[in-house]
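In case you want the letters, here they are:
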Amino acid sequence: RGMNQPCVDLRTTRCYITPQNHGYAVDNASLPTEWTPLMVNANDGSNEGIIHQTRPWFSVQFHPEARGGPTDTAFLFHDFVRNISEPNSTCVTTIPYSLPVAQR
């Protein structure tokens, strides 16, 4: 929980600083086969988001504020609107990511 949690987008490996208030994590091993991790916490490697491999569905475990706070992840709102208006344009490609050796 807390502010300023670094989350890595597994599609680009870009890191975003995110506000959070949850006290749980999704176990990647529990995801159905058609779902894949979307974001990972750069501090501890916990799951921070999931995305469906063929449907226009995704979710993140932080607050992607578009206003009233950081706007680094406001693109998620644009992605959502695009996915709803053009559901067949969704293609998921993620990049393998691992925590730095010092954090493992």
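Rules and cut-offs
Residues numbered from 1 in each chain as written. Predicted model: local features only at pLDDT ≥ 70, side-chain atom pairs only at ≥ 80, totals over all residues. Heavy atoms only, no water. Phe/Tyr/Trp six-rings, centres within 6.5 Å; stacked < 30°, edge-to-face > 60°. Helix = DSSP H or I, 4+ residues; strand = E, 2+ residues; numbered from the N terminus. Buried < 20%, exposed > 50% of the residue type's maximum accessible area, 1.4 Å probe, protein only. Core = buried A, V, L, I, M, F, W, Y, C linked by side-chain atoms within 4.5 Å. Contact = heavy atoms within 4.5 Å. Salt bridge = Lys/Arg side-chain N within 4 Å of Asp/Glu carboxyl O.

A. Fine view of the packing of aromatic side chains. Summed over the entire model, instances satisfying the criterion amount to one aromatic pair. Here the aromatic rings of Trp35 and Trp57 are separated by 6.3 Å at their centres, their planes lie at 25°, and the arrangement is stacked. Taken as a pair, Trp35 in strand β3 (residues 35–41) and Trp57 in the loop between β4 (47–52) and β5 (58–60) lie far apart in primary sequence, 22 residues in all. Assessed through its relative accessible area of 43%, Trp57 is described here as partly exposed.

B. Structural view of the nonpolar core. Cys7, Leu38, Met39, Ile51, Val60, Phe62 and Leu76 together form the largest nonpolar core, which totals seven residues. Setting aside residues up to four positions removed in sequence, Val60 forms contacts with Leu38, Met39, Glu48, Gly49 and Leu76.

C. Looking closely at the pattern of salt bridges. Under the defined criterion, the tally for this structure stands at one salt bridge. Residue Arg11 is joined to Asp9 by a salt bridge in which the shortest nitrogen-to-oxygen separation is 2.8 Å. The class of Arg11 is partly exposed, set by a relative accessible area of 26%.

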